[in-house]
Amino acid sequence: MEGCRVAVVGATGAVGKVFLRIAEERKFPYTALRLCATERSWGKRLLVNGQEHIVEPATPELFSQVDIAFISASGKASREYGPIAVQQGALVIDDSSTFRMDPNVPLVVPEVNADDLDGHQGIISIPNCSTTPLVMVLKPLNHLNPVRRVVVDTYQSVSGKGSKAVAELLDQTRLLHEGRTVAANDLPQRIAYNLFPHIDNFEDTGYTKEEMKMVGETRKILHLPDLPLSATCVRVPVLVGHSEAVHVEFERPMAVATVREVLSESIGIRVVDNPASALYPMPIEAEGIDDVLVGRIRKDLSHPNGIALWLSSDNLRKGAALNAIQIAEDVLKRGLLLRQRKAQSWRR
Ligand SMILES: NC(=O)c1ccc[n+]([C@@H]2O[C@H](COP(=O)([O-])OP(=O)(O)OC[C@H]3O[C@@H](n4cnc5c(N)ncnc54)[C@H](OP(=O)(O)O)[C@@H]3O)[C@@H](O)[C@H]2O)c1
């Protein structure tokens, strides 16, 4: 694989830190690494691959000196830096929801729709951390027997909301143990010893934006623009790892053994399914690994063509940092760097 110069905007964040660890693990072939964050982090020193890097501001000049800019900061930061980075000749791989539904932006999970990368125009988005494991499971099953409807309920960890929410769960738990009162701050409700069906803002339909992201993104990635999908997204007091209860209705009846076999053979999926021995996916098992864990595979007794299953996946790895790095690896393999095409201006 050829080498490339890389910037990470958001290097001090929950995803950014995992990103740097995975870049080391996978020996991502960067020839230069620039780390950016907000003003409060400028000057901090981060050790990557045994080398110290100083956190610096994200500037147009910096973007002109890199080939790939990973932006994993916030929607606002992506809106500000994305177009500038492209204009400066960098290929942007963006973790936020800002560009995901833009028809000019490939939204990619490499195991599912890597070919969509070929049409990129400077920005490539990764999906929401709940969408990614869902499409990884649906893709191989849909290939065998078309998916007609999906109902999914998520159990999302606090790290999905970022470092502040992680600190909030830990602080609230400690304060409650000390018999003190707690107040919600970064999250909309108390999260310690609680859960709530409220991730992102509510829309007029009664669904949240997070739930509608799962609908739109799943349809886009699977190229199934009319797929009926209903989601309920729930925040749970787990540090890392999102889980999902998934109910899938297929065109024809589907045998449980077939689902198990197809998923066992799918790259990036590990079937963990022996309820008799209390073996099923859990966030504590998914944390720190790349695979999406799938289990509790069973007939949905409420529908002749239905299958129910349960999954857990590390939202910081496959749900964000790992997926972004895999996209970059594919971009390099396919020779799709922007500088090889030419710097362009980003028009929305
Ligand atoms: N967490 C997940 O599971 C997950 C999954 C998929 C996608 N994402 C997306 O990934 C992004 C980062 O999420 P996170 O969970 O890592 O959040 P986080 O823990 O809050 O970290 C945010 C990072 O971005 C930096 N940052 C914020 N605004 C910036 C700006 N204007 N300029 C430069 N740096 C800026 C912060 O720097 P300081 O440290 O200096 O504040 C920090 O490094 C978000 O867009 C999120 O939607 C997250």
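Computed from a prediction, not measured in an experiment: that's the story for all the values here.

Caption draft 1: Here's a closer look at the sheet that holds strand 6 (residues 91–94). Strands sit in the order 3-4-2-1-5-6-7 across an open sheet of 7 strands; the sheet is mixed. Strands with a single pairing partner mark the edges of an open sheet, and in this sheet they are strand 3 (45–48) and strand 7 (123–125). With strand direction ignored, the average angle separating the axes of adjacent strands in the sheet is 25 degrees. Strand direction decides the pairing type here: strand 1 (residues 4–9) and strand 5 (residues 68–71), joined by 4 bridges, are parallel. Bridging across to strand 5, A7 finds its partner in A69. Where helix 1 (residues 14–25) meets the sheet, its contacts fall on strand 1, strand 2 (30–36), strand 3 and strand 5, and the angle it forms with strand 3 comes to roughly 30 degrees.

Caption draft 2: Local environment of the nonpolar core. Residues V6, V8, F28, I68 and F70 are the most contacted members of the largest nonpolar core, which totals 56 residues. Top element by residues in this core is helix 10 (residues 317–334). It accounts for 9 residues. Among all residues touching V6, those that are not within four sequence positions of it are F28, Y30, A32, L33, R34, V66, I68 and F70. Core analysis: the next-biggest nonpolar cluster, separate from the first, contains 36 residues, M136, V152, L227 and F250 among them.

Caption draft 3: Local environment of the sheet that holds strand 8 (residues 147–156). Taken together, 6 strands build an open sheet; the order of strands is 9-8-10-13-12-11 and the sheet is mixed. If you trace the sheet from one side to the other, it starts and ends with strand 9 (229–235) and strand 11 (269–271), each paired once. Put simply, the sheet's adjacent strands are angled 20 degrees from each other on average, direction ignored. Strand direction decides the pairing type here: strand 11 and strand 12 (residues 292–299), joined by 3 bridges, are parallel. Its bridge partner lying in strand 12, R270 is registered against L293.

Caption draft 4: Expanded view of the environment of D204. Within the secondary structure, D204 is located in the loop between helix 6 (163–177) and helix 7 (209–222). A residue is classified by how much of its surface remains accessible, and D204, at 87% relative accessible area, is exposed. Distance from D204 to H53, taken between C-alpha atoms, is 46 Å for residues 151 residues apart in sequence.

Caption draft 5: Layout of helix 7. Given a rise of 1.5 Å per residue, 14 residues ought to cover 20 Å, and the 20 Å separating the end C-alpha atoms of helix 7 matches this to within 8%. Counted residue by residue, helix 7 has 10 buried out of 14 residues, so it is predominantly covered. Inspection of helix 7 places E210, E211, K213, M214, V215, G216, E217, T218, I221 and L222 among the buried residues, and these make up the whole buried set. Looking at the buried residues of helix 7, the elements they touch are helix 4 (110–113), helix 5 (131–144), strand 8, strand 9 and strand 10 (242–250). Looking one or two residues beyond helix 7, the residue adopting positive phi is H223, at roughly 55 degrees.

Basis of the calculations
- Residues numbered from 1 in each chain as written.
- Predicted model: local features only at pLDDT ≥ 70, side-chain atom pairs only at ≥ 80, totals over all residues.
- Heavy atoms only, no water.
- Pairing = 2+ DSSP bridges.
- Helix = DSSP H or I, 4+ residues; strand = E, 2+ residues; numbered from the N terminus.
- Axes fitted to C-alpha atoms, helices over the stretch in contact; angles between N-to-C directions.
- Contact = heavy atoms within 4.5 Å.
- Core = buried A, V, L, I, M, F, W, Y, C linked by side-chain atoms within 4.5 Å.
- Buried < 20%, exposed > 50% of the residue type's maximum accessible area, 1.4 Å probe, protein only.
- Expected span 1.5 Å × (residues − 1).

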